[in-house]
Amino acid sequence: AEALGVAVVPAVSAGAPASHRSAASHGAVAGSKGCTPAPKSLPNVNLTGFQLIQRFFNNLNPGNTAKLTAFLSDSFIIKRSNMSSQNKAAYLKSYPAYPNWGILVNEAVYANGQLSVNATNWQTTVPNVYTPSLYTFAWIKCGWQMTSFAKFANASTLQATLPS
């Protein structure tokens with residue numbers, strides 16, 4: 001399942017093992033000196049997308065507000081299936097935690113320091129509810145930052161396509 005970019009991760013994850021790290025784990029802390037420019041290409045675009053989404057969900061856990069604040073770009077926006085939206089400041093005032101979640105990266109596209117990831121999310125505690133989502137990331141200030149997150153209407157027909 002790992003090769004397909006699928007994982008079910010507990011609420012607090014130590015992250016991917018060193019053998020599975022990609023360009024998502026590279027780059028200096030935002031704003032630091034001596035940082036590297038955006039990669040010209042990514043060795044595994046889907047894996048990088050998966051790891052950045054994983055970082056986002058892990059940063060939603062209680063106690064990770066500083067990490068989440070740093071990871072979201074100043075221009076971050078979330079758009080929900082009910083047509084509501086929030087900017088970074090509003091989102092940080094009240095955001096959800098997802099205790100048990102899974103991700104399926106359907107497709108990721110990278111160009112010029114911008115990464116768009118089409119994925120499906122689900123919570124392991126809520127059977128047969130899958131959320132198509134679109135994530136965007138950009139190489140800003142010497143590292144990855146999340147620029148947007150769009151959640152679409154839940155679907156219950158995706159289970160047949162998920163590996164067991």
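Please read all numbers here as calculations on a predicted model, not as lab measurements. (Residues numbered from 1 in each chain as written. Predicted model: local features only at pLDDT ≥ 70, side-chain atom pairs only at ≥ 80, totals over all residues. Heavy atoms only, no water.)

## Remarks on the side chain of Thr147
Applicable threshold: Only runs of H or I of at least four residues qualify as helices and only runs of E of at least two qualify as strands under DSSP, and these elements are numbered from the N terminus. Think of a polar contact as two N or O atoms within 3.5 Å of one another; within protein, one of them needs to be a possible hydrogen donor and the other a possible acceptor, and neighboring residues in sequence only count if both atoms come from side chains.
Within the secondary structure layout, Thr147 lies in strand β7 (residues 143-151). Separated by 2.7 Å, the side chains of Thr147 and Thr136 make a polar contact.

## Here's the deal with the state of the cysteines
Put simply, the test is: By disulfide we mean two sulfur atoms from cysteines, separated by a distance within 2.5 Å. Under the scheme applied here, a residue whose accessible area is under 20% of the maximum for its type counts as buried, over 50% as exposed, and between as partly exposed, the area being computed with a 1.4 Å probe on protein chains only.
Using the criterion set out here, one finds 1 disulfide in the structure. Sulfur-sulfur distance for the disulfide between Cys35 and Cys142 comes to 1.5 Å. Here the residue Cys35 occupies a position in the loop between β1 (6-9) and α1 (45-59), and Cys142 occupies one in the loop between β6 (130-140) and β7, the gap between them amounting to 107 residues. The class for Cys35 is partly exposed, based on a relative accessible area of 28%.

## Some thoughts on α1
Defined as follows: Given the number of residues in a helix, its expected span is that number minus one, multiplied by 1.5 Å.
Taking 1.5 Å as the rise per residue, α1 with 15 residues should run 21 Å; its terminal C-alpha atoms sit 21 Å apart, in good agreement. Burial of α1 is extensive: 11 of the 15 residues sit out of reach of the surface. Those residues of α1 lying buried are Thr48, Gly49, Phe50, Gln51, Leu52, Ile53, Gln54, Phe56, Phe57, Asn58 and Asn59.

## Re the pairing of strand β4 (residues 101-111)
Stated formally: Two strands qualify as a pair provided that DSSP identifies no fewer than 2 bridges between them.
As defined by bridge partners, β4 adjoins strand β5 (residues 114-123) across 10 bridges and the pair is classed as antiparallel. Within β5, the residue paired with Val109 across the bridge is Ser116. The hairpin turn running from β4 into β5, its antiparallel successor, is 2 residues long, and Asn112 in that turn takes a positive phi close to 50 degrees.

## Re the packing of aromatic side chains
Each aromatic ring pair is described using two quantities: the centre-to-centre distance and the angle formed by the ring planes. Put simply, the rule is: Within 6.5 Å between ring centres, the rings of Phe, Tyr and Trp (the latter by its six-membered ring) count as paired, and their orientation is classed by plane angle as stacked under 30 degrees, edge-to-face over 60, tilted in between.
A complete count under the given rule lists 12 aromatic pairs for this structure. Relative to Trp144, the ring of Tyr110 lies with its centre 6.0 Å away and its plane at 70 degrees, an arrangement referred to as edge-to-face. Here the residue Tyr110 occupies a position in strand β4, and Trp144 occupies one in strand β7, the gap between them amounting to 34 residues. We note that Tyr110, like Trp144, is buried. Three or more aromatic residues joined by ring pairs form one cluster here, namely Phe56, Phe57, Phe71, Trp101, Tyr135, Phe137 and Phe149.

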